[in-house]
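Reading the structure
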Amino acid sequence: DQQVKQNSPSLSVQEGRISILNCDYTNSMFDYFLWYKKYPAEGPTFLISISSIKDKNEDGRFTVFLNKSAKHLSLHIVPSQPGDSAVYFCAASGSGNTPLVFGKGTRLSVIA
Amino acid sequence: DTAVSQTPKYLVTQMGNDKSIKCEQNLGHDTMYWYKQDSKKFLKIMFSYNNKELIINETVPNRFSPKSPDKAHLNLHINSLELGDSAVYFCASSQEGGWGETQYFGPGTRLLVL
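Residues numbered from 1 in each chain as written. Chains lettered and ligands numbered in written order. Predicted model: local features only at pLDDT ≥ 70, side-chain atom pairs only at ≥ 80, totals over all residues. Heavy atoms only, no water.

Formed by 24 residues in total, the largest nonpolar core has its most connected members in Phe33, Trp35, Leu73, Leu75 and Tyr88 of chain A. Those elements that provide at least two residues to this core are strand E3 (19–25), strand E4 (32–38), strand E5 (45–51), strand E7 (62–67), strand E8 (72–77), strand E9 (86–93) and strand E11 (106–111) of chain A. If one sorts the elements of this core by residue count, E9 of chain A sits on top with four residues. In this view, Leu73 of chain A contacts Leu21, Asn22, Cys23, Tyr25, Phe33, Trp35, Val64, Phe65, Leu66 and Cys90 of chain A; residues no more than four positions away in its chain are not counted. Ranked by size, the runner-up nonpolar core spans 20 residues in total, among them Ile21, Tyr49, Leu74 and Ile78 of chain B. (Core = buried A, V, L, I, M, F, W, Y, C linked by side-chain atoms within 4.5 Å. Buried < 20%, exposed > 50% of the residue type's maximum accessible area, 1.4 Å probe, protein only. Helix = DSSP H or I, 4+ residues; strand = E, 2+ residues; numbered from the N terminus. Contact = heavy atoms within 4.5 Å.)

Now the structure itself:
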């Protein structure tokens, strides 16, 4: 039972355009959401997060939007750069001692 | 100046063997984790340790035994390896273990069981 779903395994975007990566979750107890970025042969690295009390968090070119009623979040990257090409994992956690739950990831390719 | 390091990076072994993967973090974090990324690409928590004490054990077979000699190290020992153990294993750490905290991941150990 996938509690965190990233339904698009891959996405291709032209350099300079906006990349939108989507994530859906099923557990209404999740209250903290994170995006991790992963290059080949490396571990995931933290990118940006959002708590359930917010609906938007921005950090430079990266913005995460949260729609709690739809149990949906998205990561926007604008403008997209070739160096953004990586696998992006959505992750979610609840309060207390609950483990971080990851989606399967979306592979983003930014084409120059 | 690696924050979270794992050895070995690659491990190829026969079914039935026993093997260990080592993890070290130099971030001064209190909590360390082991994750498994299987062939379907899901990244799933296996264990977490806080200050050498086991916090989370997510229904992992008891052939897997984590060992934390000190809070900077969390090693994973696997007995009687099976084909299904083939995966990438990631070690991670975080400051205190709160689940909203950023976790810092190692580069992964690619285990192939033949």
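Taken together, the 20 residues of chain A in the interface contact 21 residues of chain B. Roughly 1700 Å² is buried in total at the junction of chain A and chain B, and carbon and sulfur atoms are behind 62% of that figure. The interface formed by chain A and chain B includes zero salt bridges. Between the two partners, chain A and chain B, sit two residue pairs in polar contact (both at pLDDT 80 or more). Looking at the side of chain A that touches chain B element by element, the count peaks at four residues for E4 of chain A. By residue class, the composition of the side of chain A that touches chain B is ten nonpolar, seven polar and three charged. (Buried area = accessible area lost by both parts, 1.4 Å probe. Salt bridge = Lys/Arg side-chain N within 4 Å of Asp/Glu carboxyl O. Polar contact = N/O pair within 3.5 Å; in protein donor to acceptor, adjacent residues only side chain to side chain. Nonpolar A, V, L, I, M, F, W, Y, C, P; charged D, E, K, R; others polar.)

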